[in-house]
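Examination of the molecular architecture
Here are the chains, one letter per residue:
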Amino acid sequence: MIERKILIVDDEQEICQLVGMYLENSGYSWDEANNGEIALSKISQSNYDLLILDIMMPIMDGWTLCKKIRETSNVPVIFLTAKGEEWDKVNGLKMGADDYIVKPFSPGELIARVDAVLRRTKNTDASVLQIGQIKINEKSRNAFVSDKPLSLTLKEYDLLLFFCKNQDHVFSREQILEKVWGFDYFGTARTVDTHIKTLRIKLGQDADYISTVWGVGYKFGINGCGN
């Protein structure tokens, strides 16, 4: 079973530690950020399964953070805040939050809400592909390897997405060129070799997901030989 990782964003470190303890006792791993800017930085560097956000924070409040997150990601968000007016709850849900919990909170209720949100989103987000350590979010066009974001060019991303959708299939360079670059592309098949070389470099220790099938082309899969 893959351990789910949750980011807790709250300027009160005691709250982060308390919530983290409850999550850890329920089998989740967790990380913390004490304001919105730190949270955005961490989100850009790691892949979280769910975010728990406070609203009233210095530097960047929870409203602004949620809005920025929703510009590029559909990661589940739960607001955990002292702002308990009906308008606040409605506003939070309208901004894209998946749930809203008012402080003080019950540990049992918090974990039940986290479990419920993750159950709802587990099988509904068909835009997320994961092959081994490689994860791609098609909606945001973000790619990760071992939870680290990959900085890919447009065609490197398209090539990786094509491979992930066609795991363990062998393709010739001409077939890859046709599927990824399109019928009207006038370049040569060597373009494929160049892009695969740079993609392997960026995948680092996971470069062997892409294997060379001598005399034919390339294959992508967890058991690739990386030649």
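All residue numbers here refer to positions counted from 1 along the written sequence of the relevant chain. Predicted model: local features are reported for residues with pLDDT of at least 70 only, side-chain atom pairs are reported and counted for 80 or more only, and whole-chain, interface and lining totals are derived from all residues. The side-chain figures draw on all heavy atoms in the structure; neither hydrogens nor water molecules are used.

Pairs of strands are assigned from DSSP output, requiring at least two bridges between the strands. For helices the rule is a DSSP run of H or I covering at least 4 residues; for strands it is a run of E covering at least 2, with both sets numbered from the N terminus onward. Taken together, the 3 bridges between strand E10 (residues 170-172) and strand E12 (residues 217-220) define a ladder with antiparallel strand orientation. Within E12, the residue paired with Ser172 across the bridge is Gly217. For strand E11 (residues 210-213) and E12, the ladder comprises 4 bridges, and the chain directions are antiparallel. Among the inter-strand pairings, Ser211 is bridged to a residue of E12, identified as Lys219. Adjacent in sequence and paired antiparallel, E11 and E12 are bridged by 3 residues, among which Gly215 carries a positive phi angle near 85 degrees.

On to helix H3 (residues 62-70). Among the residues of H3, Gly62, Trp63, Leu65, Cys66 and Ile69 are the ones counted as buried. For H3, the arc enclosing every buried residue in end-on projection is 165 degrees, short of the 170-degree limit, so these residues lie on one face. We call two residues in contact whenever any of their non-hydrogen atoms come within 4.5 Å of each other. Buried residues belonging to H3 abut strand E1 (5-9), helix H2 (36-45), strand E3 (50-53), strand E4 (77-81), helix H4 (86-94) and strand E5 (99-102). Here's how the labels work: a residue is buried when its accessible area is under 20% of the maximum for its type, exposed when over 50%, partly exposed in between, all with a 1.4 Å probe on protein chains only. The arc in question is formed by the directions pointing from the helix axis toward the C-beta atoms.

Any carboxyl oxygen of Asp or Glu that lies within 4 Å of a side-chain nitrogen of Lys or Arg is treated as forming a salt bridge with it. A full pass over the atoms with the stated rule returns 13 salt bridges. Asp54 is the partner of Lys103 in a salt bridge, and the nearest nitrogen-oxygen pair spans 3.7 Å. With Lys103 in the loop between E5 and helix H5 (107-122) and Asp54 in the loop between E3 and H3, this pair connects stretches of sequence that are 49 residues apart. Each of the two residues, Lys103 as well as Asp54, counts as buried. Between Asp98 and Arg70 there is a salt bridge, with the nearest N and O atoms lying 3.4 Å from each other. Here Asp98 is found in the loop between H4 and E5, whereas its partner Arg70 is found in helix H3, with 28 residues between them in sequence. Judged by relative accessible area, which is 23%, Arg70 ranks as partly exposed. Within the structure, one salt-bridge network assembled from shared partners comprises Asp10, Asp54 and Lys103.

Once that is clear, we can look at the environment of Lys155. Secondary-structure assignment places Lys155 in helix H6 (residues 154-165). Spatially, the C-alpha atoms of Lys155 and His195 are 7.8 Å apart, while their sequence positions differ by 40 residues. The contact partners of Lys155, leaving out residues within four places of it in the chain, are Val180, Trp181 and His195.

What follows deals with the sheet that holds E10. Strand order in the open sheet formed by 3 strands is E10-E12-E11, and the pairing between neighbours is antiparallel. In this open sheet, the two edge strands, each paired with only one partner strand, are E10 and E11. Looking at each pair of strands side by side, their axes are set apart by 30 degrees on average, direction ignored. Helix axes are fitted only over the stretch in contact, all axes being lines through C-alpha atoms; the angle between N-to-C directions runs from 0 to 180 degrees. Strands E10 and E12 of the sheet are contacted by helix H7 (residues 173-181), whose axis makes an angle of about 90 degrees with E10. Contacts from helix H8 (residues 190-203) reach E11 and E12 within the one sheet, and its direction differs from that of E11 by about 145 degrees.

Among buried residues, the Ala, Val, Leu, Ile, Met, Phe, Trp, Tyr and Cys ones that are joined through side-chain atoms within 4.5 Å form a nonpolar core. Core analysis: the biggest nonpolar cluster contains 27 residues, and Ile134, Leu160, Phe163, Ile176 and Phe220 have the highest contact counts within it. Elements that contribute at least two residues to this core include exactly strand E7 (134-137), strand E8 (142-145), H6, H7, H8 and E12. For this core, the element with the highest residue contribution is H6, accounting for 7 residues. If we skip the residues at most four places from it in the chain, Phe163 touches Ile176, Ile196, Ile210, Tyr218 and Phe220.

The next subject is the packing of H2 against H3. Axis separation between H2 and H3 bottoms out at 10 Å; the angle between their running directions is 25 degrees. In terms of axis orientation, H2 runs roughly parallel to H3. The crossing of H2 and H3 is right-handed. Contact with H2, carried on its side by Gly36, Ala39, Leu40 and Ile43, involves Leu65, Lys68 and Ile69 of H3 and no other residues of that element. Roughly parallel means an angle under 35 degrees; roughly antiparallel means over 145; roughly perpendicular covers 65 to 115; every other angle is labelled oblique. Left-handed describes a crossing in which the near helix is turned anticlockwise from the far one by less than a right angle; the clockwise case is right-handed.

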